[in-house]
Amino acid sequence: MQAAEYERMYALEGEHWWYVALREVVMWHVRRVAEGRRLRILDAGCGTGGMLQMLREVGEVVGIDGSERAVAYCRQRGLSEVTCEDLNTWEPRESAFDVIVCLDVLYHMGVADDVAVMRKFYAALVPGGMVILHLPAFECLRRAHDEVVMTRRRYTRKSAAQLACGGGFEVIGNCYRLWWLFFVALARKWRERVRNGYHEEESDLQPLPAWLNRILLGLARADNFFVRYGVSMPVGSSILLVGRKPTMSGVDGLESSGC
């Protein structure tokens, strides 16, 4: 990810509708697991620390990120439990966590093998532990923003499920998010090609007027309502997948997940 994108993320993720809505739907799932107990949580690819900061409400949280710049921003937030780790070479402790959150990370060019990383998550979770993934959806939405954030691939619900099952997980939730943003992104892709050319790099993460931010947050929260209960629209700009490590030894989760 370009250095300027980390700077924008650090400045905007506290209030920007995209991050607020994503944190809310992730926390809904995590709180369901917690049921009043303190969890051991890993934020894998924690970025500048917004999600990590909120996860501390429900447990003891560790963050890792492959960027020294991201780790530095986390520490500016007072988050000391963050280290710089490359997921490709990271060696997890067995059964160290109850929950692993990995938001918009596995799509990245820097991830050599997303299935191999999922297997590491599997090893790092206790039996019955949960992984929450957020992934960009549909290759047809690839445009200039993907160059800024170094997108290697975009997923469908099917390929996201295959990713989770390849790591050994049962898929217990797999939904497209932000169906309306799918059409906005298509329109922006067309505009980029007509006006500027596809290769002009431009990030989607920009400051917004407060009124527009409130409207978009309201739309995203309405979308979250359906996602929380496993109702997926036919399209979306992102995918939220929730997987569980089977509790019985020798069970790979493929039959119950329908992979």
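Cut-offs applied
- Residues numbered from 1 in each chain as written.
- Predicted model: local features only at pLDDT ≥ 70, side-chain atom pairs only at ≥ 80, totals over all residues.
- Heavy atoms only, no water.
- 1 Å grid on protein atoms, 1.4 Å probe; cavity = no way out; pocket = protein on both sides within 12 Å on 5 of 7 lines; lining within 4 Å.
- Points joined across faces, edges and corners; volume = space filled by probe spheres on them.
- Helix = DSSP H or I, 4+ residues; strand = E, 2+ residues; numbered from the N terminus.
- Nonpolar A, V, L, I, M, F, W, Y, C, P; charged D, E, K, R; others polar.
- Buried < 20%, exposed > 50% of the residue type's maximum accessible area, 1.4 Å probe, protein only.
- Lys, Arg positive; Asp, Glu negative; His and termini not counted.
- Salt bridge = Lys/Arg side-chain N within 4 Å of Asp/Glu carboxyl O.
- Polar contact = N/O pair within 3.5 Å; in protein donor to acceptor, adjacent residues only side chain to side chain.
- Contact = heavy atoms within 4.5 Å.

Peer 1: Looking at this model, I keep getting lost on empty space enclosed by the protein. Mind explaining?
Peer 2: The method is simple in principle: a probe with the dimensions of a water molecule rolls over the atoms, and the space it marks as empty is what remains. Under the defined criterion, the tally for this structure stands at one cavity of 30 Å³ or more. By volume, the largest cavity amounts to about 30 Å³. Taken together, Y176, W179, D223, F226, V227, V231 and M233 make up the full set of residues lining the largest cavity. With three residues, helix α9 (residues 210-228) is the single largest residue contributor to the lining of the largest cavity. Of the residues contributing to the lining of the largest cavity, the split by class is six nonpolar, no polar and one charged.

Peer 1: Before we go on, may I ask you to explain the side chain of R23 in this structure?
Peer 2: Inspection of the secondary structure assignment puts R23 in helix α2 (residues 17-34). In this structure R23 is buried but unpaired, with E13 as the nearest side chain of opposite charge at 4.2 Å. A distance of 2.8 Å separates a polar atom in the side chain of R23 from the backbone oxygen of E13. Apart from residues no more than four positions distant in its own chain, R23 is found in contact with E13, G14, G50, M51 and M54.

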